[in-house]
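What follows is the residue order along each chain.
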Amino acid sequence: MTVDDNSLIIIALLPFLGALVPGVMIRAGRNACAAFTAVPTALALVMLLTKAPGVFAGQVYVAEVDWLPQLGLSAAFFLDGLGFLFASMILGVGLLITLYARFYLSGEDPMGQFYTYLLLFQGAMLGIVLSDNILLLLIFWELTSLSSFLLIGYWKHLPEGRQGARMALAVTGAGGLAMIGGMLILGNIVGSYNLTDILAAGDLIKASDWYLPALILILLGAFTKSAQFPFHFWLPHAMAAPTPVSAYLHSATMVKAGVFLMARMWPALAGTDAWFYIVATIGLITMVTGALIALFKDDLKALLAYSTVSHLGLLTMLLGFGTPMAAVVAVFHIINHLTFKAALFMTAGIVDHEAHTRDIKRLGGLRTLMPITFVIGTLAALSMAGIPLLNGFLSKEMMLEEAAHTTWAGSHLALPVLATVGALLSVAYSFRFVAHVFLGPVREDYPHKPHDPPFGLWAAPALLVGLVVLIGLLPHVVEPLVKTAAGAVTGGELPYFHLKIWHGFTPALFMSVIATVGGLILLMLHVPLDRIWASAPRPEAKVIFDRLIAALVNLSRRISDATHDGAMSRYLAIFVVATTALGYIAWRGAAMPAETRALLPIPPLVFVIWILLMAATASVVLMHRERFRALVVLGVIGLTISVGFVYLSAPDLALTQISVETVTIMLLLLALHYMPKSSPIESSATRRIRDGAIALAAGGGVGALAYAFMLRDTSTISQYHLDNSYEGGGGTNVVNVILVDFRGYDTYGEIIVLGIAGLIIFAIMEALLNGPASRKLRRTDYSADRSRDRHPLMVVIATRVMMPVALMVGAYIFLRGHNQPGGGFVAGLVVSIALLMQYMASGFAWTQDRQRIEYHSLIGWGVVLAGLTGAAAWLYASPFLTSLYGYIEVAPIEKFGIGTAFLFDLGVFLAVLGAVMLMLYSLSRIARYAGETVNTEPMDYDPSDPVQAAEKES
Amino acid sequence: MEFIVASSVGALTAAGIYLILRLRAFASILGLALLSYAVNVFLFASGRLAVDMPPILSKYGNGGYTDPLPQALVLTAIVISFGMTAVLVMVALGAYLESDDDRIDMDGDDMVGEGDAT
């Protein structure tokens, strides 16, 4: 029975919204910050709890918002028993951690940051457990990896913290990647990324050939997250985090995400042999190994970390059994583990906080000094050991019972024996936690005299221990929750069961007794055993991990060194050869359609121009060492191409090409002035032949491709532009209408790019002139290059006369642009050429002194004008850059259209003018550094000046 | 006519590629300039060739228009490639002034050695 309920989305979003709050509230003080962090969490928890009656009645709440329906990704959430159990754990413990962290963090720690990270993490976890879409689940899954990285590395000054965070990110992130693969396979098998659909299609999935790959990939994600062997090593290293983080991540949330996933996917994946042997075996190994290592750890948090690894192994093993009853036990133990483990982490934090050490070898005898902490810690530890009347006992008994009934590879003994060993070790380290920290004689040498902490610090663990005892004594209070959640895991009927303390003389009871007694004996033998453990050789996971990472880094460095050796010509050669080869393969692979177009005739004049172009191209190659000549010939090519554009019905392109050509050649000439005038012969003849062959192959391929498609028709969208240019865009020059209207957004981007190019050039020049380059420029003597008559009379006069004419032409080209060839691009270039001529004639400094507008601001105004014109369309509730137009008629001038496109084109004009001028301005600024003198007169020799004329005479 | 355009594109591409494979910055700039001519004409030609059919709407024309879309794209491409050439020229000039050398391949000394990146 499903119920639509959009408040689920609000619950899932609340922590993310709340994450904005602590950063602001920290200014109001630490208490206010903590209080306001608690608000979104508490709100979400209350909203969640209002759904409790429905969930217990078997309802499933769903909410869905389409996100990227094409990918099958939707923001779909659902809340069933399992989701409810986890969500309430995440939010409930989140609240306790908020309280605990308020008192735990010291004044120097940035608390606002901490709470923000905490809420981000909480939101990500909540997202995982509420997602009804596996793609959405993956997003939240990755978010937990990222936000836990921030939390684990919270103490940035500690190298262990940074390394631990990095390791956790690497391991869980890699697992997450594997899981993405698995989930995609799963989605493919089922044909839907909807979790509900996938859970309902269990038989289809298990029958699929892709079941095993999907299973392994998904389990990789779950095992890395839940620290299962052999990925367990990141968890203890993550203990460098502040204790509230450890308590949250490693009791209720992060590491439980893997367990949650296995439980969630249980109906879809569990119940096969592969599932049993992979999951149960890994779980068993993890449980025993984790417990064994925990017994010999001296760091309180490391002990708890390995015990967590061990308990996660236990949960994994139970889920691996694949029977409904084992799933019930797993759910029950998830609740129990949460209560005692969070309390234990908080206890360890309190001890560390008060005694300034958490090294077990330096502790002991805290019983009398910290009585409250002692009671909390002891009850929680005894629950972890599985002592009767505490909740840990109940689920451990049930686990042993399940293990006793399960055969592994035909052996009836393997599982029960190993499970008992795990329990025995668990008893030993739990007792050790109590005995070596709280019991024993009071010592004199604590780093700090310990005493009980303030109420705020022990309130949270005390509440949890209250739950430990409550569940331990009256297990039936959680029975509805366990039944609802377990029912959601199995997705079917549950076996008949009751949670109770006394089950009679079952095998589990005997295993429990053996474990408890054996654990006690082990603890008594701890000193000699510890000595053996210390001297025994064993693999150190961190060392292996570091070596592995170092090897990977080394390998990638080798690959990049080999391929990226700094020889640019080599990369280019490889790129060209590869592209040509791919083109060839593509051509070989597909049949060519028949030619549909007739060849156009070649008039004699065109043939002559073609000969000219070919000759010029060959000359550039042949004489590229003599740089000036090559530049001149380059200009010839550009002009030939613009002639070609004129002939081939592209007047706008011809205009643009010819003006760009002019500006480009000027720019190159200016730059060449400061560079060597010739290139030496450096490459060998073989190499030149090789490069020639590559070039000919590529050129031949491109030419052939162009020839091939020019002979064939294709469907285009151009007719639309031709049809709508006048009616919709108000102009007859379709090219210009496309630029300022149909594809105005592109043009807008392009003028921004051009403006940025101008600014980059300006910035490079700034950097150059403030660096060693300026010294070099001062030292070099350029006087030999200079003409004696640098600002000749003829040129000065001619450019002065040309200036108004050129500006007029620019204005004309600009105004007619919408209907005839022209427009903002060309006009901008023409006007900049008019200005450049002044620079060339009278020298840079003289002209610069006379110009009043900054080129930077021209670019800025251009972009702003174009942008505002586009935005004005919003006022008419139209999309960005929708144009409006009309026509005006001023007496002597022909009627011309004016509209928003006109203003947009004006923006283009300004931006182009500003960018071009800024580029040349930057280049010519070098001149001053190179010792160019500043002339005060516009020309060197002015015959109208009698004094100068007389000097010249003498 | 198609052959004229195609062979021009091919020749410009070949010349451009030969020049960008040289070892000096200036030759590369020349090569890139040639390549941008080639690419612009190539893109333009993708609208197919037409004589006397400019995309200017007119009551008096013969009624046929060439494809305006590639022209609009090439127009901005011409301007942008000018901007990029200018940036490259400035980078090359800067590199020459800073290092007294306009070679584009790195020498052994300039390479990042083992362990530097840690």
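Small disclaimer: the values here were computed from a predicted structure and weren't measured. (Residues numbered from 1 in each chain as written. Chains lettered and ligands numbered in written order. Predicted model: local features only at pLDDT ≥ 70, side-chain atom pairs only at ≥ 80, totals over all residues. Heavy atoms only, no water.)

Student: Would you mind going over the overall build of chain B with me for this structure?
Tutor: When helices and strands are counted, chain B shows three helices and zero strands. When the helices and strands of chain B are placed in sequence order, the string is α-α-α. When each of the 118 residues of chain B is scored for burial, the buried share is 63%. In chain B, 52% of the contacts between residues at least 6 apart in sequence involve partners at least 24 apart. In the structure as shown, chain B presents an accessible area of about 4,300 Å², 60% of it carried by carbon and sulfur atoms. (Helix = DSSP H or I, 4+ residues; strand = E, 2+ residues; numbered from the N terminus. Buried < 20%, exposed > 50% of the residue type's maximum accessible area, 1.4 Å probe, protein only. Contact = heavy atoms within 4.5 Å. Areas by Shrake-Rupley, 256 points an atom, 1.4 Å probe, with all protein chains shown as cover.)

Student: Please explain the packing of aromatic side chains as it appears in this structure.
Tutor: The way to describe two aromatic rings as a pair is by their centre distance and the angle between their planes. Residue and element names in this part refer to chain A. Taken as a whole and assessed by the stated rule, the structure comprises 27 aromatic pairs over all chains. Ring geometry for Tyr100 and Tyr104: centres 5.8 Å apart, planes at 20°, overall stacked. Of the two residues, Tyr100 and Tyr104 both sit in helix α5 (residues 81–104), four residues apart, roughly one turn of that helix. Tyr104 gets classed as buried once you look at its relative accessible area, which sits at 7%. Relative to Tyr248, the ring of Phe121 has its centre 5.9 Å away and its plane inclined at 75°; by these criteria the two rings are edge-to-face. Separated by 127 residues along the polypeptide, Phe121 in helix α6 (residues 111–130) and Tyr248 in helix α13 (residues 243–252) bring together distant segments of the chain. The rings of Phe276, Tyr277, Phe321 and Trp408 are connected pair by pair, giving a single aromatic cluster. Across the ring face of Phe103, the terminal group of Arg102 is positioned such that the distance to the ring centre comes to 5.1 Å. Sitting over the face of the ring of Trp141, Lys225 holds its NZ or CZ atom 5.0 Å from the ring centroid. (Phe/Tyr/Trp six-rings, centres within 6.5 Å; stacked < 30°, edge-to-face > 60°. Lys NZ or Arg CZ within 6 Å of the ring centre and 35° of its normal.)

Student: Explanation requested: the pattern of salt bridges in the structure shown.
Tutor: Between side chains of opposite charge, a pair can form as their charged atoms come close. With the rule as written, the count across this model stands at 23 salt bridges over all chains. Here Arg264 of chain A ties to Asp80 of chain A by a salt bridge, and the two come within 2.5 Å at their closest N and O atoms. With Arg264 of chain A in helix α14 (residues 254–264) and Asp80 of chain A in the loop between β3 (73–79) and α5, the pair connects residues that are 184 residues apart, well separated along the chain. What makes Asp80 of chain A buried here is its relative accessible area of 8%. Note that Asp101 of chain B is salt-bridged to Arg103 of chain B, the shortest N-O span being 3.5 Å. With a relative accessible area of 26%, Asp101 of chain B lands in the partly exposed category. The exposure class assigned to Arg103 of chain B is partly exposed, which follows from its relative accessible area of 36%. Connected via shared salt-bridge partners are Arg627 and Glu682 of chain A together with Arg24, Asp101, Asp102 and Arg103 of chain B. (Salt bridge = Lys/Arg side-chain N within 4 Å of Asp/Glu carboxyl O.)

Student: Honestly, the interface of chain B and chain A in this entry has me stumped. Any pointers?
Tutor: As a measure of interface size, the accessible area lost when the parts come together is often cited. Contacts between the two partners involve 86 residues from chain B, matched on the other side by 115 residues from chain A. Note on chain B versus chain A: buried area summed over both sides is about 9,100 Å², and carbon and sulfur give 77% of it. In this assembly, chain B and chain A are joined by four salt bridges. Taken together, chain B and chain A are joined by 20 residue pairs in polar contact (both at pLDDT 80 or more). Elements that contribute at least two residues to the side of chain B that touches chain A include exactly α1 (2–20), α2 (25–45) and α3 (68–99) of chain B. Here the side of chain B that touches chain A gets 27 residues from one element, more than from any other, and that element is α3 of chain B. A per-class count over the side of chain B that touches chain A returns 61 nonpolar, 13 polar and 12 charged. (Buried area = accessible area lost by both parts, 1.4 Å probe. Polar contact = N/O pair within 3.5 Å; in protein donor to acceptor, adjacent residues only side chain to side chain. Nonpolar A, V, L, I, M, F, W, Y, C, P; charged D, E, K, R; others polar.)

Student: Just to check I follow, could you spell out the nonpolar core for this structure?
Tutor: One finds Met183, Trp234, Leu269 and Trp275 of chain A to be the most contacted residues of the largest nonpolar core, which totals 207 residues. Here this core takes 21 residues from helix α18 (residues 324–355) of chain A, the largest share from any one element. Apart from the residues lying within four places of it in its own chain, the contact partners of Leu269 of chain A are Leu186, Ile205, Lys206, Tyr211, Leu215, Ile218 and Trp275 of chain A. Residues Phe762 of chain A together with Ala15, Ile17 and Val41 of chain B belong to the second largest nonpolar core, which totals 134 residues. (Core = buried A, V, L, I, M, F, W, Y, C linked by side-chain atoms within 4.5 Å.)

Student: What should I look at first to understand unusual backbone geometry in this one?
Tutor: What you tend to see is this: most non-glycine residues have negative phi, and most peptide bonds are trans. Of note, the amide linkage connecting Phe229 of chain A to Pro230 of chain A takes the cis form, showing an omega dihedral of 5°. Following the sequence through the fold, Pro230 of chain A ends up in the loop between α11 (211–225) and α12 (234–237). Of note, the phi angle at Arg48 of chain B is positive, near 65°, even though the residue is not glycine. Take Arg48 of chain B: it is sitting in the loop between α2 and α3. Accessibility expressed as a relative area gives 11% for Arg48 of chain B, which makes it buried.

Student: What is the right way to look at the confidence of the model for chain B in this model?
Tutor: Parts of the model with low pLDDT should not have their predicted coordinates read in detail. Residues and elements named next belong to chain B. Overall, the predicted model of chain B reaches an average pLDDT of 84, with 88% of residues at or above 70. Across chain B, element-level confidence peaks in α1 with a mean pLDDT of 94 and bottoms out in α3 with 89. Across residues 112–118 the pLDDT falls below 50, and counting only partners more than four positions away or on other chains, this stretch makes six contacts in the model. (pLDDT = per-residue confidence, 0-100.)

Student: Hey, could you run me through the side chain of Gln657 of chain A in this one?
Tutor: Its place among the elements puts Gln657 of chain A in helix α31 (residues 651–672). Residue Gln657 of chain A is classed as buried on the basis of its relative accessible area, which comes to 3%. If near-sequence neighbours (up to four positions away) are discounted, Gln657 of chain A is found in contact with Gly638, Ile641, Ser642 and Phe645 of chain A together with Tyr37 and Ile78 of chain B.

Student: Would you mind showing me how to read the environment of Phe431 of chain A here?
Tutor: Residue and element names in this part refer to chain A. Following the sequence through the fold, Phe431 ends up in helix α22 (residues 414–437). By relative accessible area, which is 12% here, Phe431 ends up buried. Separated by 46 residues in the primary sequence, Phe431 and Ala385 place their C-alpha atoms 7.2 Å from one another.

Student: When you look at the pairing of β3 of chain A in this model, what are you seeing that I'm missing?
Tutor: Within a regular strand, side chains alternate between the sheet's two faces. Residue and element names in this part refer to chain A. Burial runs high along β3: seven of the seven residues are buried. In this structure, strand β2 (residues 60–68) lies alongside β3, joined through seven bridges in antiparallel fashion. What sits directly across from Ala63, in β3, is Phe77. (Pairing = 2+ DSSP bridges.)

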